[in-house]
There are 2 protein chains.
Amino acid sequence: MQNVFLVGLMGAGKTTIGRILARKLGLKFIDSDHEIEARTGASIPWIFEIEGEPSFRRREADVIRELTGQDGLVLATGGGAILNPDNRAHLKARGTVIYLRASVHSILQRTAHDKNRPLLQTADPRKKLEELMAIRDPLYMEIADVVIDTGRPNVQSMVQTILTQLETMACEAAPNCVTHAEPSMNEQSTILLNVELGERSYPISIGPSLLDDAALLARHVHGGKVAIVTNTTVAPLYLARVEAGLRAAGKHVISVVLPDGEEYKNWSSLMQIFDQLLANKADRKTTLIALGGGVIGDLTGYAAASYMRGVDFIQVPTTLLSQVDSSVGGKTGINHPLGKNMIGAFYQPRAVIADTATLETLPARELSAGLAEVIKHGAIIDAAFFDWIEANIGKLMARDKGALAYAIARSCEIKADVVRQDEREGGLRAILNFGHTFGHAIENGLGYGEWLHGEAVGCGMVMAADLSQRMGLVDAATVARVRALVAAAGLPVTAPDLGTERWLELMEVDKKNEGGAIKFILLKPLGAPSISNAPQDLLLATLAACV
Amino acid sequence: MQNVFLVGLMGAGKTTIGRILARKLGLKFIDSDHEIEARTGASIPWIFEIEGEPSFRRREADVIRELTGQDGLVLATGGGAILNPDNRAHLKARGTVIYLRASVHSILQRTAHDKNRPLLQTADPRKKLEELMAIRDPLYMEIADVVIDTGRPNVQSMVQTILTQLETMACEAAPNCVTHAEPSMNEQSTILLNVELGERSYPISIGPSLLDDAALLARHVHGGKVAIVTNTTVAPLYLARVEAGLRAAGKHVISVVLPDGEEYKNWSSLMQIFDQLLANKADRKTTLIALGGGVIGDLTGYAAASYMRGVDFIQVPTTLLSQVDSSVGGKTGINHPLGKNMIGAFYQPRAVIADTATLETLPARELSAGLAEVIKHGAIIDAAFFDWIEANIGKLMARDKGALAYAIARSCEIKADVVRQDEREGGLRAILNFGHTFGHAIENGLGYGEWLHGEAVGCGMVMAADLSQRMGLVDAATVARVRALVAAAGLPVTAPDLGTERWLELMEVDKKNEGGAIKFILLKPLGAPSISNAPQDLLLATLAACV
């Protein structure tokens with residue numbers, strides 16, 4: 001890892017942030033002022049008083065020339081270091097320069113009682129700071145690769161922003177790495193997306209053979225211990241590889257292999273995770289890794305949310321469904337005998353790593369089930385993406401890596417954007433339930449597990465499109481397009497015959513919930529959602545037509 | 001409840017926020033623009049175009065005069081309503097006026113594509129908005145009781161801030177209600193504190209007979225359903241009263257009575273809560289109420305954090321320990337066979353209601369155990385508070401309501417301030433563990449339950465003070481004061497003889513954890529914390545002296 005240099009006015013937080021950043025990046029932290037004090041055996045105010053500023057600046061230049069020559073360093077520089085052109089040249093050439101840009105007001109608040117800041121022992125500190133700012137701001141800007149406004153709610157948020165910026169810069173410098181989903185991606189492409197959730201922001205990496213990139217995974221593991229949670233189906237395929245990579249990076253690895261299946265998404269599996277964490281004395285700095293599909297992701301995420309009141313976790317989804325859907329958004333949890341996903345937490349991962357090579361071993365039915373959510377994202381948000389899926393459904397079914405990478409990346413972008421606007425499902429996020437009202441009724445009516453969730457959603461989307469047409473929101477051609485695409489993805493387009501009574505009961509349309517009848521997510525037009533009640537006669541007509 | 005009027009420029013969020021605010025306050029929401037449209041049957045752009053602005057303003061004045069004459073309303077007014085002096089007079093006189101103050105930049109972003117804003121259909125919307133701002137800002141300010149900057153991360157955060165402000169204003173208007181802990185409080189005093197955690201901020205009410213104030217509790221219950229979790233000891237004393245108050249307020253009440261004791265702070269109790277919630281079809285708008293001590297608070301808080309990924313909860317602590325300590329700070333959780341509090345969440349309550357009358361029935365040992373944490377807050381943060389406790393320990397032991405109210409309120413203030421700075425225990429919050437390193441060793445060494453937690457902490461503080469003296473941080477007189485106060489609070493000052501080996505083992509001083517020996521929270525001087533390693537010989541001397 002290349003050096004990271006922090007510049008900015010005194011009191012901007014360079015030392016505090018530098019220390020955390022170094023820990024997270026696994027680099028060594030040095031504060032150039034402390035280094036000068038250590039070398040001279042004198043405090044900085046003392047050096048200023050006895051030797052004067054010019055002498056201090058000479059000592060500072062020596063230290064910066066020497067330290068920037070080293071490798072693997074996070075270096076916090078004194079506020080005036082950039083006055084010297086040699087210092088600026090060294091900082092710019094030998095690492096990534098991050099400018100922590102603070103307002104005069106906030107610096108005044110933070111340095112109010114600090115006698116260790118020699119330049120502010122003056123009658124009018126505000127005036128002095130404004131002068132410093134006017135002279136130095138252009139110099140900081142001149143060498144900065146990244147500018148971070150320090151007027152943020154907290155230090156964690158700033159550190160997270162810096163880490164994201166560094167990661168994005170690394171991607172931009174790498175061959176075949178892009179930071180936005182592009183249809184032109186080929187099978188070598190990797191994509192780095194960022195889910196913007198303030199201090200809970202996290203990156204999603206998508207690409208071939210990412211599981212073999214031990215450095216990528218290890219970079220998001222900040223402590224010495226890591227626990228991989230997986231299941232009996234996935235473990236034989238990928239566990240040894242992931243373990244080996246993490247061990248090579250010097251991590252202590254604990255593995256928890258659970259039985260495979262939705263019926264194990266329960267408290268007993270959660271306790272197995274806790275038991276092994278405690279038996280291995282896992283502390284608060286332990287990172288959990290979810291290696292598997294949606295069930296493993298939900299279980300592991302909730303375990304991470306709850307263990308010692310919250311530890312880091314990383315999603316490594318190995319099914320198309322979990323790559324495009326469940327690993328983005330922070331919903332975690334377990335089932336209760338009286339209801340699915342009734343116990344859980346909104347808890348965001350530190351990173352999502354989606355290796356498209358894992359899709360090679362995915363059963364065909366699960367590939368189709370994942371495509372249902374891909375189609376959904378196009379239908380409710382992005383008509384152009386829907387067009388692209390139509391044109392490329394053959395490639396997707398043939399598991400073309402470039403096509404899959406784009407489908408996954410664009411789905412994640414769309415979902416991340418919705419989640420960003422409504423993290424805790426207050427409103428907008430409901431549109432992601434397009435096809436799900438019908439779909440849940442199918443799953444529940446046939447007994448969970450009979451149809452895969454994605455199969456039920458696929459058929460549910462056809463029904464929702466049909467209802468949209470009956471309500472005058474879309475035309476018949478749109479319904480035909482949705483039906484054809486769902487069918488081309490290998491998904492059912494005819495609903496099971498549960499009987500009209502049972503259908504209505506399963507969709508709870510007979511119950512008054514939250515001030516009225518159930519809300520449907522409809523299309524108006526293709527590529528945009530419309531949330532609305534539906535007259536019962538039109539709903540009955542849709543049921544009659546689709547069953 | 002009095003009317004709430006929202007004023008501010010177009011696009012400041014008056015309608016969105018007003019709607020949520022009305023729901024939370026149980027008031028009716030009206031948007032004056034919508035009201036005008038409904039009455040005229042014409043859209044506002046149409047009225048402007050056909051009748052002109054003067055006519056619109058007359059219609060607006062009629063609507064505002066009439067609506068402000070009603071009661072129990074949250075009214076969002078059009079951006080220009082305050083141009084009319086009569087409107088200003090009505091708004092100011094007939095309710096609480098909240099000014100949502102938005103920047104021109106953010107309004108431009110939000111109204112970019114809105115054709116329903118007639119005044120912005122102009123070539124240079126920025127200039128127009130700046131003109132509007134210059135004219136209107138002073139008028140908004142003139143009538144505002146509360147000014148809210150809308151540049152906040154999200155709507156929830158703004159609503160929470162407004163609710164807190166309204167609550168504080170209500171307190172300030174009431175007799176015997178104060179918003180800061182004051183030693184002069186008498187037995188009628190109620191205190192309203194605010195724990196500042198952004199969108200997770202919440203109020204703490206402290207006072208006599210608050211359990212009889214059904215409106216207070218109901219005000220924090222936003223949905224129709226509420227589940228009270230309590231135990232077999234507390235239920236006979238207070239459950240019927242709390243149930244009756246909530247039912248009188250029209251709430252559907254579910255009660256869950258668990259067995260009493262730390263040994264029931266486990267998954268099985270948690271499942272009992274979930275079972276009853278699901279059996280009663282409790283939805284995401286259900287509020288949980290923790291009625292009891294620390295175990296009930298921790299269990300209920302974690303149940304609330306996990307049920308449907310998070311529902312509201314209210315702490316109603318009925319022991320001194322839970323009133324001064326565990327109900328502030330958001331730590332929730334359950335025990336695991338391999339460790340206490342190993343599974344849980346940081347999850348903040350919507351409100352804390354501490355009824356000092358409940359302390360009348362508290363066993364003497366538990367009163368003393370609670371005082372240990374009160375003394376701790378004085379010792380590590382506030383020497384003047386420590387002085388006050390010394391002077392008033394007799395009153396506190398005699399359960400004087402005024403003295404207890406101040407002790408609880410000041411403790412909550414101190415703890416809330418530490419939590420605000422370090423919600424998730426990244427650093428500073430560690431100082432709250434003063435006395436706990438020794439205390440945990442005592443509890444664990446004797447077997448949990450032998451000594452109460454507060455008893456162990458009381459003795460632990462004496463030991464930590466002794467160690468502070470040996471390390472040259474405080475003088476002998478300070479140690480004597482800590483010892484005398486702990487003894488006067490009815491707490492043990494001599495540690496049990498566990499054997500030196502076992503002591504060291506229990507404190508884990510022989511293990512290298514996190515880069516070195518264990519950190520002690522020490523005093524330097526009384527009223528301020530110092531975090532430091534301790535040389536083993538000094539630690540051994542403390543053990544020899546205190547056992």
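Bear in mind the structure is a predicted one, so any value in this text is a computation, not a measurement. Numbers given for residues are sequential positions, taken from 1 along each chain in its written order. All chains are assigned letters beginning with A, and all ligands numbers beginning with 1, in the order in which they are written. Totals for whole chains, interfaces and linings use all residues, but because this is a predicted model, local features are given only for residues with pLDDT of at least 70 and pairs of side-chain atoms are given and counted only at 80 or more. Side-chain metrics rest on all non-hydrogen atoms present in the structure, leaving aside hydrogens and water.

### Concerning the state of the cysteines
When two cysteine sulfur atoms are found within 2.5 Å, that pair is recorded as a disulfide. Taken as a whole and judged by the stated rule, the model has two disulfides over all chains. Two residues share a disulfide in this structure: cysteine 171 of chain A and cysteine 177 of chain A, whose sulfurs sit 1.9 Å from each other. Looking along the S-S bond of the cysteine 171 of chain A-cysteine 177 of chain A disulfide, the torsion reads about -105°, which is the left-handed sense. Buried residues are those whose accessible area, probed at 1.4 Å on protein chains only, stays under 20% of the maximum for their type, while exposed residues exceed 50% and partly exposed ones sit between those limits. On the accessibility criterion, cysteine 171 of chain A (4% relative accessible area) is buried. Among the residues examined, cysteine 177 of chain A registers a relative accessible area of 18% and is labelled buried. Here cysteine 412 of chain A stays free of any disulfide, with the sulfur of cysteine 177 of chain A as its closest cysteine sulfur at 14 Å. Cysteine cysteine 459 of chain B remains unbridged, with the sulfur of cysteine 546 of chain B as its closest cysteine sulfur at 6.9 Å. You can call cysteine 459 of chain B buried: its relative accessible area is 0%.

### As for the interface of chain A and chain B
You'll often see interface size given as the accessible area lost when the parts meet. The partner chain B presents 29 residues to the 28 residues of chain A that form the contact. Defined here as a combined quantity, buried area equals the accessible surface (1.4 Å probe) lost by two parts on assembly, summed across both. For the pair chain A and chain B, the summed buried area comes to about 2,800 Å², and 55% of that belongs to carbon and sulfur atoms. Among the residues of chain A in contact with chain B, Trp267, Arg309 and Met342 of chain A are the three that bury the most area, contributing 28% of the side total. Here a polar contact means two N or O atoms within 3.5 Å. Within protein one must be a hydrogen donor candidate and the other an acceptor candidate, and residues neighboring in sequence count only if both atoms are side-chain atoms. Put simply, chain A and chain B have eleven residue pairs in polar contact (both at pLDDT 80 or more) between them. Secondary structure follows DSSP: runs of H or I at least 4 residues long count as helices, runs of E at least 2 residues long count as strands, and numbering of each begins at the N terminus. Contributing elements (two or more residues each) for the side of chain A that touches chain B: α11 (267-279), α12 (294-306), β13 (331-336) and β14 (339-346) of chain A. Whether two residues are in contact is decided by their heavy atoms, any of which lying within 4.5 Å being enough.

### Regarding the relation of the copies chain A and chain B
Copies are brought into register by a least-squares superposition over C-alpha atoms of residues with pLDDT of at least 70 in both. Overlay of chain A on chain B (RMSD 0.1 Å): rotation 180°, translation along the axis 0.2 Å. These values place the two chain copies in the arrangement generated by a two-fold rotation axis. Mapped onto chain B, 100% of the interface residues of chain A are again interface residues, and the two copies thus contact each other with one and the same surface.

### Examining helix α8 (residues 155-173) of chain B
An ideal rise of 1.5 Å per residue puts 27 Å on 19 residues; α8 of chain B measures up with 27 Å between its terminal C-alpha atoms. Among the residues of α8 of chain B, those classed as buried are Ser157, Met158, Val159, Gln160, Thr161, Ile162, Leu163, Thr164, Leu166, Glu167 and Cys171 of chain B. Given a helix with a known number of residues, its expected span is that number minus one, times 1.5 Å.

### Remarks on the UniProt feature "binding site: substrate" (unreviewed entry) in chain A
Residues and elements named next belong to chain A. UniProt positions are given in the numbering used here, feature names are shortened, and annotations may be inferred rather than shown by experiment. Here, UniProt's "binding site: substrate" (unreviewed entry) annotation points to Asp33, Arg57, Gly79 and Arg136. Within the secondary structure, arginine 57 is located in helix α4 (residues 53-68). As for its position among the elements, arginine 136 is in helix α7 (residues 125-143).

### Describing the pairing of strand β11 (residues 287-292) of chain A
All names here are of chain A. Counting buried positions over the six residues of β11 gives six, a clear majority of the element. The pairing criterion for strands is at least two bridges between them, as found by DSSP. With four bridges joining them, strand β9 (residues 225-231) and β11 adopt parallel strand pairing. Note that in β11 the partner of valine 226 across the bridge is threonine 287. As paired strands, β11 and strand β12 (residues 312-317) are joined by six bridges and run parallel to one another. Bridge pairing links glycine 292 to proline 317 in β12. We call a crossover right-handed when, viewed with the strands running away from us, the connection from the first strand over the helix to the second turns clockwise. One crossover worth recording links β11 to the parallel β12 by way of α12, and it is right-handed.

### A closer look at the sheet that holds strand β15 (residues 351-355) of chain B
All names here are of chain B. Spatially, eight strands are ordered β6-β7-β8-β15-β12-β11-β9-β10 in an open sheet, and the strand pairing comes out mixed. Taken across any chain shown, the strands that pair with only one partner, and hence form the sheet edges, are β6 (177-178) and β10 (252-258). Both β6 and strand β7 (residues 190-195) contribute to a ladder of two bridges, which runs parallel. Opposite valine 178, over in β7, you have isoleucine 191 as the bridge partner. Along the sheet face, α8 touches β6, β7 and β8 (202-207) and points at about 160° away from the line of β7. What counts as an axis is a line fitted to C-alpha atoms, over the stretch in contact for a helix, and the angles between N-to-C directions run from 0 to 180 degrees. On top of the sheet, helix α12 (residues 294-306) reaches β9 (225-231), β10, β11 (287-292) and β12 (312-317); it is set at about 170° to β11, its chief contact.

### With respect to the packing of helix α18 (residues 453-470) of chain B against helix α21 (residues 536-546) of chain B
Residues and elements named next belong to chain B. Relative orientation of the contacting elements α18 and α21 amounts to 135°, with a least axis distance of 9 Å. Comparing the axis directions of α18 and α21 gives the class oblique. Remark: the crossing between α18 and α21 carries right-handed chirality. Two secondary-structure elements touch here, α18 through Met463, Asp466, Leu467 and Arg470 and α21 through Leu538, Leu539, Ala541, Thr542, Leu543, Ala545 and Cys546. Think of it as three bins: nonpolar holds Ala, Val, Leu, Ile, Met, Phe, Trp, Tyr, Cys and Pro, charged holds Asp, Glu, Lys and Arg, and polar takes everything else, Gly as well. Partitioning the contact of α18 with α21 into residue classes produces eight nonpolar, one polar and two charged. The cut-offs work like this: below 35 degrees is roughly parallel, past 145 is roughly antiparallel, 65 to 115 is roughly perpendicular, and the gaps in between are oblique. It is the rotation of the near helix from the far one that decides the hand of a crossing: anticlockwise by less than a right angle makes it left-handed, clockwise makes it right-handed.

### What to know about the environment of glycine 458 of chain A
Residues and elements named next belong to chain A. Checked against the element boundaries, glycine 458 lands in helix α18 (residues 453-470). Here the alpha-carbon distance between glycine 458 and threonine 437, two residues 21 residues apart in the chain, equals 11 Å. The residues touching glycine 458, leaving out its near neighbours within four places in the chain, are Ala372, Val486, Leu491 and Pro492.

### Some details on the pattern of salt bridges
Here, a salt bridge means any Lys or Arg side-chain nitrogen found within 4 Å of an Asp or Glu carboxyl oxygen. Within this structure, the stated rule accounts for 52 salt bridges over all chains. Two residues, arginine 365 of chain A and glutamate 455 of chain A, come together in a salt bridge whose shortest N-O distance is 2.8 Å. Residue arginine 365 of chain A is found in helix α14 (residues 364-381), and its partner glutamate 455 of chain A is found in helix α18; the two are separated by 90 residues along the sequence. Among the salt bridges present, the one from glutamate 51 of chain B reaches arginine 59 of chain B, with a minimum N-O distance of 2.6 Å. Note on glutamate 51 of chain B: relative accessible area 30%, which makes it partly exposed. For arginine 59 of chain B, a relative accessible area of 30% puts it in the partly exposed group. A network of salt bridges, in which partner residues are shared, links Glu35, Arg39 and Glu66 of chain A.

### What about the sheet that holds strand β3 (residues 73-76) of chain A?
Residue and element names in this part refer to chain A. Ordered by their spatial adjacency, five strands build an open sheet running β2-β3-β1-β4-β5, and the pairing between neighbours is parallel. The open sheet terminates on both sides in strands that have one partner only, identified here as β2 (28-31) and β5 (146-149). Averaged over all neighbouring strand pairs, the angle between strand axes comes to 20°, with direction disregarded. As judged from the three bridges shared by strand β1 (residues 3-7) and β3, these two strands associate in the parallel manner. Within the sheet, the bridge partner assigned to valine 4 lies in β3 and is valine 74. Sheet strands touched by α4: β1, β2 and β3. Its angle to β3, the strand with the most contacts, is close to 160°. Strands in contact with α7 are β1, β4 (95-101) and β5; relative to β4, the strand with the most contacts, it is inclined by about 150°.

### Points about the packing of aromatic side chains
Only centres within 6.5 Å qualify two rings of Phe, Tyr or Trp (six-membered ring in Trp) as a pair; their planes then separate them into stacked at under 30 degrees, edge-to-face at over 60, and tilted for everything else. For the structure shown, the criterion picks out 19 aromatic pairs over all chains. Geometrically, the ring pair formed by tryptophan 267 of chain A and phenylalanine 274 of chain A is tilted, given 6.1 Å between the ring centres and 55° between the ring planes. Exposure remark for tryptophan 267 of chain A: the relative accessible area of 11% places this residue in the buried category. Taking the relative accessible area as the measure of exposure, phenylalanine 274 of chain A reaches 0% and is therefore buried. Seen from their ring centres, phenylalanine 385 of chain A and tryptophan 388 of chain A are 6.1 Å apart, and the 15° between their planes marks the pair as stacked. Of the two residues, phenylalanine 385 of chain A and tryptophan 388 of chain A are both situated in helix α15 (residues 383-397); the distance of three residues between them amounts to about one turn of the helix. Pairwise contacts between aromatic rings join Trp267, Phe274 and Tyr307 of chain A together with Trp267, Phe274 and Tyr307 of chain B into one cluster. The side chain of arginine 309 of chain A reaches across the aromatic face of phenylalanine 346 of chain B, ending 5.9 Å from its centre. Two conditions define a charge located above a ring, namely a distance within 6 Å from the ring centre to NZ of Lys or CZ of Arg, and an angle within 35 degrees of the ring normal.

### Notes on the side chain of serine 322 of chain B
With respect to the helices and strands, the residue serine 322 of chain B is situated in helix α13 (residues 320-326). Once you skip the residues sitting within four places of it in the chain, serine 322 of chain B turns out to touch Gly292, Gly293, Gly294, Pro317 and Ser327 of chain B.

### Here we look at the side chain of threonine 542 of chain B
Along the chain, threonine 542 of chain B turns up in helix α21. Excluding residues within four positions of it along the chain, threonine 542 of chain B makes contact with Phe438, Met463, Asp466, Leu467 and Arg470 of chain B.

### Some words on unusual backbone geometry
Omega for the peptide link from lysine 524 of chain A to proline 525 of chain A comes to -15°, which places this bond in the cis form. The backbone phi angle of lysine 281 of chain B is positive, close to 50°, even though this residue is not glycine. Along the chain, the position of lysine 281 of chain B falls in the loop between α11 (267-279) and β11. A residue is classified by how much of its surface remains accessible, and lysine 281 of chain B, at 63% relative accessible area, is exposed.

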